Amino acid sequence: MKKIRFYRIKKEVRILGLDDGPFKRGDKEVIVVGTVFRGGNFIDGVLSTKILVDGLDATKKVIELVNNCSFKDLRVIMLDGLGFGGFNLVDIKRVYKETGLPVIVVVRKKPDFKEIDKALDNIDRKIERSRIIKNAGEPVKVETGKNKFIYMQCAGLDLEDAKKIIIISSTRSLIPEPIRVAHLIASGIVSGHSRGKA
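Residues numbered from 1 in each chain as written. Predicted model: local features only at pLDDT ≥ 70, side-chain atom pairs only at ≥ 80, totals over all residues. Heavy atoms only, no water.

(A) View of the overall build of the protein. Scanning the protein from terminus to terminus reveals six helices and nine strands. Taking 2.2 N^0.38 as the reference for a compact globule, 198 residues should give roughly 16 Å; the C-alpha atoms of the protein span a radius of gyration of 16 Å, in line with that estimate. Taken along its principal axes, the extent of the C-alpha atoms in the protein is 45 × 35 × 35 Å. Taken across its 198 residues, the protein has 48% of its residues classed as buried. (Helix = DSSP H or I, 4+ residues; strand = E, 2+ residues; numbered from the N terminus. Rg over C-alpha atoms; globule rule 2.2 N^0.38 Å. Buried < 20%, exposed > 50% of the residue type's maximum accessible area, 1.4 Å probe, protein only.)

Next up, the structure:
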């Protein structure tokens, strides 16, 4: 499937940002919240679903959430990392293929793939999970504040377009608003109050 070309990226590009809520040992499910943003300034809607903790249904649930939502002018999906609910990993290439929307993954720190590989030894279907991680590609550094960086991976669009969208939407912190606000909402729903950083 060819990459989507953004000939002009508007400041109000419609983004769906997704993050999971907190969970504790013994929980079977975790909430995933999506916020629909115009760039990094206006929130237009909120979506939610649930996935299994350390399961393998996150990819399917994200695809269903996007394809069944009423926001038909979405241009890009943003994820707070590849893993939701622990090691319930999102296959970003499959999400792009089945929704037609490019996907950008954002993390504050570059993942330690050696440590991740060790942790996967304790979870079933390691080969499948490792393939999803490898498929997402090498994280790329993006400057979203003066001499301050985050890391991204993407599927379905050029790196330069992905960087522009991240910078446009990072209006209040180093992390894009669609993800930051999704994190606050998910945390508030589960814990009764929002806390921590996306």
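This is not the end of the story, as more comes after the structure.
(B) Main features of helix α1 (residues 58–67). Listed as buried for α1 are Ala58, Thr59, Val62, Ile63, Leu65 and Val66. For α1, the angular spread of the buried residues around the axis is 165°, confining them to a single face. If you follow the buried residues of α1, they end up packed against β1 (14–20), β3 (42–52), β4 (76–80), β6 (88–89) and α2 (92–99). (Arc of directions from axis to C-beta. Contact = heavy atoms within 4.5 Å.)

(C) Up close: the sheet that holds strand β9 (residues 148–155). Overall, mixed pairing links the seven strands, which are arranged β3-β2-β1-β4-β7-β9-β8 in an open sheet. Only two strands of the sheet have a single neighbouring strand rather than two, namely β3 and β8 (140–145). Along the sheet, successive strands turn relative to each other by an average axial angle of 30°, direction set aside. Two strands pair when backbone bridges link them, and β1 and strand β2 (residues 29–38) are joined in this way by seven bridges, in the antiparallel orientation. Residue pairing across strands places Ile15 opposite Phe37, the latter belonging to β2. α1 rests against β1, β3 and β4 of the sheet, and its axis sits at about 145° to β3. (Pairing = 2+ DSSP bridges. Axes fitted to C-alpha atoms, helices over the stretch in contact; angles between N-to-C directions.)

(D) The pairing of β9, seen in detail. Summarising burial for β9: six of the eight residues are buried, a large majority. Sheet topology note: the strand β7 (residues 103–107)/β9 ladder contains five bridges and is antiparallel. Each residue of the ladder has a partner; that of Val107, found in β9, is Tyr151. Both β8 and β9 contribute to a ladder of five bridges, which runs antiparallel. The partner of Glu143 across the bridge, within β9, is Phe149. The turn linking β8 back onto β9 is made up of two residues, and Asn147 within it adopts a positive phi angle of 60°.

(E) Structural view of unusual backbone geometry. The backbone of Arg125 sits at a positive phi, close to 55°, despite the residue not being glycine. Within the element layout of this structure, Arg125 appears in the loop between α3 (113–120) and α4 (126–135).

(F) Region of the structure containing the packing of aromatic side chains. Taken as a whole and judged by the stated rule, the model has zero aromatic pairs. Between Lys141 and the ring centre of Phe149, over which it is positioned, the NZ or CZ distance is 4.8 Å. (Phe/Tyr/Trp six-rings, centres within 6.5 Å; stacked < 30°, edge-to-face > 60°. Lys NZ or Arg CZ within 6 Å of the ring centre and 35° of its normal.)

(G) Up close: α4. Where α4 is concerned, the buried positions are Arg129, Ile132 and Ile133. Taken down its axis, α4 places every buried residue within 100° of arc, on the same side. For α4, exposure combined with an orientation more than 90 degrees from the buried face picks out Ile127 and Lys134. Taken together, the buried residues of α4 touch β6, α3 and β9.

(H) Quick peek at the packing of α1 against α2. The N-to-C vectors of α1 and α2 enclose an angle of 30°; their axes lie 10 Å apart at closest approach. Relative to α2, the element α1 lies roughly parallel. Where α1 crosses over α2, the two elements pack in a sense that is right-handed. Facing Thr59, Lys60, Val62, Ile63, Val66 and Asn67 of α1, the residues of α2 in contact are Arg94, Val95, Glu98 and Thr99. (Parallel < 35°, antiparallel > 145°, perpendicular 65-115°, else oblique. Left-handed = near helix turned anticlockwise from the far one by under 90°.)

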